[in-house]
Amino acid sequence: MFNIVVYSLLSLVALCVLYPLVYVVSASFSDPQYIMGGEIWLWPKGMTVDSYASIFKNDAIVRGFLNTLLYTAAGTGLNLVMTILAAYPLSRSDFAGRNLFMGVMVFTMFFGGGLIPTYLLIKNLHLLNTFWVMILPGAVSVWNIIIMRTYFQQSIPAEMQEAAVIDGCSNFQTLIRIVLPLSMPIIAVTVLYYAVGHWNAFFNALLYLSDRKQFPLQLILREILIQGQTDEMVRASTESAIKQQRAVEGIKYAVLVVANIPMFLLYPFLQRYCVKVIMVGAIKG
Amino acid sequence: MAMLQQEHVGRKPLKSTARISRFSKILRNWQLYVMISPVLAYYILFHYVPMYGIQIAFKDFRINKGIWDSPWVGLKHFDRFFHSFFFERLIFNTIELGLYLIVIGFPIPILLALLLNEAKAERFKKFVQTITYAPHFLSTVVVVGMMMIFLNPRYGLVNQFIGALGGDTVNFMANPSWFKTLYVLSDVWQTMGWSSIIYLAALGGIDTQLHEAARVDGASRIRRIWHINLPGIRPTIVILLILNLGSVMAIGFEKVLLMQNNLNLASSDIIDTYVYRSGILDANYSFSAAIGLFSAVINFLLLVLVNAVARRAGGTSLW
Amino acid sequence: MIIGKRQAKGALALALTAAMLAACSNNGNGGGSAEAGGSKGEDAGIEASGFPIVKDKIEVSGFAGKFFANVDWSHLKLWQEYEKKTNIHMNWETVQKDGLKEKRNLLLAGGNYPEVFYASSFSRSEVVKYGEQGVFLPLNDLIDKYAPNFKAIMDKYPSIKQGITMPDGNIYSLPVIYDPDFRSVFFNTPWVRTEWLQKLGIQEPQDLDQFKAMLKAFKTGDPNGNGKPDEIAWGGTGTAGLMGYLKGSFGLNNRGAANPYVDEDPANKGKIRFVAAAPEYKKLLEYVHGLYADGLIEKDIASVKAEEIDAKGTAGLLGVVDNVDPVAIYNDNGYVGLPVLKGPDGERMYTYLGAPLGGIAQFVLTDKAKNPEAMIRWMDYFYGDEGIKNFFMGWKDDTYKENADGSVEYVDDMAKNKDGLSLDQAVSRYLIWPGGLYPGYVKEKYFKGAEALPTSVANSKKADPYVLKPDAVWPGFSFTAEEQEVLSTVGTDIQTYVDEMRDKFIVGDAKLGDWDSYVSTLDGMGLKQYIEIYQAALDRNNKN
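Since the structure is predicted, the reported quantities are computational estimates derived from the model, not experimental observations.

Reading the values: rules and limits
Residues numbered from 1 in each chain as written. Chains lettered and ligands numbered in written order. Predicted model: local features only at pLDDT ≥ 70, side-chain atom pairs only at ≥ 80, totals over all residues. Helix = DSSP H or I, 4+ residues; strand = E, 2+ residues; numbered from the N terminus. Rg over C-alpha atoms; globule rule 2.2 N^0.38 Å. Contact = placed C-beta atoms within 7 Å. Pairing = 2+ DSSP bridges. Axes fitted to C-alpha atoms, helices over the stretch in contact; angles between N-to-C directions. Nonpolar A, V, L, I, M, F, W, Y, C, P; charged D, E, K, R; others polar. Core = buried A, V, L, I, M, F, W, Y, C linked by C-beta atoms within 7 Å. Buried ≥ 20, exposed ≤ 12 C-beta atoms within 10 Å, placed from the backbone. Right-handed = clockwise from strand over helix to strand, strands pointing away. Expected span 1.5 Å × (residues − 1). Domains from an automatic or database assignment.

Section: the overall build of chain C
Moving on, step 1. Within chain C, the secondary structure is distributed over 21 helices and 14 strands.
Moving on, step 2. Scaling as 2.2 N^0.38, a compact globule of 544 residues should have a C-alpha radius of gyration of about 24 Å, and chain C matches this with 27 Å.
Moving on, step 3. Across its three principal axes, chain C shows a C-alpha extent of roughly 80 × 65 × 65 Å.
Moving on, step 4. For chain C, restricting intrachain contacts to residue pairs at least 6 apart in sequence, the fraction spanning at least 24 positions comes to 79%.

Focus on the sheet that holds strand β3 (residues 116-122) of chain C
Residues and elements named next belong to chain C.
Moving on, step 1. Reading across from one edge, β2-β1-β3-β11 is the order of the four strands in this open sheet, with mixed pairing throughout. Edge strands, defined here as strands with exactly one partner in the open sheet, are β2 (88-96) and β11 (361-365). Between one strand axis and the next, the sheet turns through 25° on average, direction left out of account.
Moving on, step 2. Bridge count between β3 and β11: four bridges; the pairing is antiparallel. Within the sheet, the bridge partner assigned to phenylalanine 117 lies in β11 and is valine 364.

Some details on the interface of chain B and chain A
Moving on, step 1. If you look at the interface, chain B gives 66 residues, while chain A gives 66 residues.
Moving on, step 2. Among the elements that take part in the side of chain B that touches chain A, helix α3 (residues 30-48) of chain B stands out by supplying 11 residues, more than any other.
Moving on, step 3. Taken together, the residues that form the side of chain B that touches chain A break down as 47 nonpolar, 14 polar and five charged.

Some points on the sheet that holds strand β5 (residues 191-193) of chain C
Residues and elements named next belong to chain C.
Moving on, step 1. Spatial ordering of the open sheet is given by β6-β9-β5-β10, a layout of four strands whose pairing is mixed. Looking at strand neighbours, the two that pair on one side only are β6 (232-235) and β10 (335-337), the edges of this open sheet. Strand after strand, the sheet turns through a mean of 25° between neighbouring axes, direction not considered.
Moving on, step 2. Pairing of β6 with strand β9 (residues 318-321) involves three bridges; the strand directions are parallel. Within the sheet, the bridge partner assigned to glycine 235 lies in β9 and is valine 321.

A closer look at the nonpolar core
Moving on, step 1. Of all hydrophobic cores here, the largest spans 297 residues; its most connected members are A:Ala86, B:Ile36, B:Val39 and C:Val127.
Moving on, step 2. Considering each element in turn, this core owes the most residues, 13 residues, to α3(B).
Moving on, step 3. In this structure, A:Ala86 is in contact with A:Val140, A:Ile145, B:Ile36 and B:Val39, ignoring residues within four places of it in sequence.

Re the pairing of β2(C)
Residue and element names in this part refer to chain C.
Moving on, step 1. Pairing analysis gives nine bridges linking strand β1 (residues 58-66) to β2, with the strands arranged parallel. By the bridge assignment for β2, serine 61 is matched with asparagine 91.
Moving on, step 2. For the crossover from β1 across helix α2 (residues 77-86) to β2, the handedness is right-handed.

Comments concerning helix α5 (residues 98-110) of chain A
Moving on, step 1. The end-to-end C-alpha separation of α5(A) is 19 Å, in line with the 18 Å expected for 13 residues at 1.5 Å each.
Moving on, step 2. The complete set of buried residues in α5(A) reads A:Phe101, A:Met105, A:Val106, A:Met109 and A:Phe110.
Moving on, step 3. Turning to α5(A), the residues buried within the fold contact α4 (61-91) and α7 (142-155) of chain A together with α3 and α18 (285-314) of chain B.

As for the domain arrangement of chain C
Residues and elements named next belong to chain C.
Moving on, step 1. Domain annotation of chain C identifies domain 1 (40-182 + 354-473) and domain 2 (188-352 + 479-544).
Moving on, step 2. The gap between the C-alpha centroids of domain 1 and domain 2 is 32 Å.
Moving on, step 3. Facing 23 residues of domain 1, the contacting portion of domain 2 comprises 25 residues.
Moving on, step 4. Listed by contribution, the elements that provide at least two residues to the side of domain 1 that touches domain 2 are α4 (124-132), α7 (158-164) and α18 (454-463).
Moving on, step 5. It is α18 that contributes the most residues to the side of domain 1 that touches domain 2, six residues altogether.
Moving on, step 6. Looking at the side of domain 1 that touches domain 2 residue by residue, the class counts come to 11 nonpolar, eight polar and four charged.

This is the structure we're talking about:
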């Protein structure tokens, strides 16, 4: 009985969410006119791959894709290491000063110098227009540190860590040999959160990169969408510029599909990997 | 870090055993300090060093003078904001929307996670999970676009449905009383799957032996959820609640702007859209910095408050 | 473990250094005053006229916004040819429209801005600010001495000079100008579907009553003959277009729309009137509300998105198109311009047009400019006939051909490109004007965009007798920094309230019977102050 409730609720939720997603995919293959007229319901109308063609015609797309892969891989790797390095000590109740450190970090979630001083800093560190500017300024996030810390506190029994110390493990060894293997779920989640963040990032690139060859995918994709937007300051335009605005309606959806498929598939992949590791961990426990 | 250790050694003489054990605690855990040092260095460099920029909120920023030499104007910008004709409306809308988001939007991912956790059919579970977190990847522009199509008074699905039931068409987007509800519901729809991930991970860390024991004792599934699962992820819930309350004033500006029009302004005008509007005429860094600071202070105070309550109420807190 | 400690110390050291550097560079910003502006005239080997502009080649740094992201300005024919001609090499840093504002502002804030900002769309208040701070160079003398083309334009059309002169009397920027004789770029009346008029047997409306009747016929007469009431009488996004079209019939905005909230009090020449508080405005609202109440305007006009109306337009369902030429957007030439309507008091005017000035700050010289004279000459070329032709059309027999009567058209490679490139794309291989982001002078003769279509030209010609003459249109006013501050608060609030209430009155959410409380709310918001500021700006404008 209970099962029926669970499964039907979940199915309902899935349906509510699924329908608009199908819509997005259908719209990406439809003639923009039908999209704007609200005539798309489930299946594509005026089937066309024009929207995708516009995207792939952009010479910089492949380059952008590769750049983003690089930024995401390197960035997430750094993020993960940094997050673990902060979350573990903070999770230890015998870590003197942990409230202070936590406070110092949380404070930065609310208060910051703003765009100009940050820009000046980046400039003075000679990070402008380099690969590092996509990695370093976002090296770690307080939110993820907190979440990982909570997980450590909650799910890693203190007795286990104490046992390890008695056995002669140093703090580093405890972290690496005991804590991390048991933390696969949170590591998977952390990797996912950071990876998606990197994948979608464009603002830093917009501000700090000027060489188009270094642009991430999102920035390249935006180029085409921006062209379809009218500028308040501009009056005289060409026919094709006006028509471009209409094409953008379809391109918006195609962009979504192109931009997000890789990330979308990341979690199932991570999940499969993590389930295996959890099984191992449970047996050990 | 070296600095911290010296501080403790130099300041107080090592007289009592309590101090000795504290100091030796630090020494013993020196590796922990080393671990956290790169992270702290990062925060100091990229977050605290630029913080001198906060003073921009109290100055009249001049490009050629830079931040340090621009003239002080004290609370002028705040004054200007507080005296805006629409001030009360802005504050009220911002806070109401923020709270509404939390009251409705916070519990739902938890429920979803609990439900998913109960589904034993692996394939089904994975399918639902993947579907529900997909909307997170949709851009705001597209979500609002879709919403407007579905709510269209002429041919939108919703109004057709209403018409079929014999009702009158409703122009949802033009109605101030609908704005917040639409905002929150679409937000829940978009984020519930993604937000449930963290709760699922936490649920995965609950000892299965507890469930075994409870089952042997004859507890029904609902009781098991209530007494084992929920308490098991309580720290996660509390922490996330604290963090969410601490961002009450920081609402998604882009989405509100897209959903806003002259007719629903009474309900949809929030602080950030006001700043945006007034900044169109005049790229005024100082003014927007001031208002940003105001929101940040309120959020921060809220966080501190809620954290203190959480700590008193039972153990889990941010610090 | 030891590595960790070293890293920590290193990071600290780096942080401290960075802090000092950051502080230093900010102080270094102070050198903003015109040290580089050495306007000593004939140095750097500059020629007073003719080409090349300088005897010895110079390099100039410039920042520019552009429309197409993948166009490389350092290898663009327009600039390459011009460099050969002028002996000036431009080092361009370009950015697409996306992020133009942020990038541009950060360059300025960070102190590493170039000598020239081109096509960077600064707002009026930014020009006032940076001019006052000495970051932008005053150009008055430079124009006088080195910009004969532009000077001639200013002499011919005083409103241009007025529009670009800042409250302190200086000109800091060069604008994009739309030739006052190129009428269709300034205004088009809304477009009406002739086929439907014929089918319903009605004439084009000449006054407000006929206009209302026409809309009603569109709505109820099933002009497209398909038995479904799917026609949309007025196809507009938002109410501003309809209001703008009808304002003239009530004598409102009698000085144009460059300053959309104010015009001249007809009873009090030289005095500012706030349009949205005038009794005539109330009458206009009553009329429009009447249209709405009768279902002649769409219920969702205040919230509908442009894409939706567009879709209806493509399907041929719009009776009136409130937009640019339907030929351009829908490839539909079944429309002509609506006549200018006669209002209740006999007024027959079309007033919703702007001044000849577009973006006023598309070319500025910063205090880092080493050769301001040369750069003014460089820019002035594009304000003269030959330069305009070069900028828009390219090179004779290469990208355009000249006909016997003097008219010009693009060669087929541009206009009917065999690889399927649109006009914009084909042109952008060599020129930069698509997208509209540039300083310059837009002449009907050389502009091949939508506004130059024969249908557009016909529309504006038809309305012309009733349209405000160019010298009757006020240019957008410029304000001092103090005035600007008040306008950013009081002004924004007032304008927000006016726009909000306009839609509410039209839709009926607010009752026109409560007009008096609406006006007193405006007074309470500081309307008097707002009017005073505009009055000051007008007085300054008239002096120039």
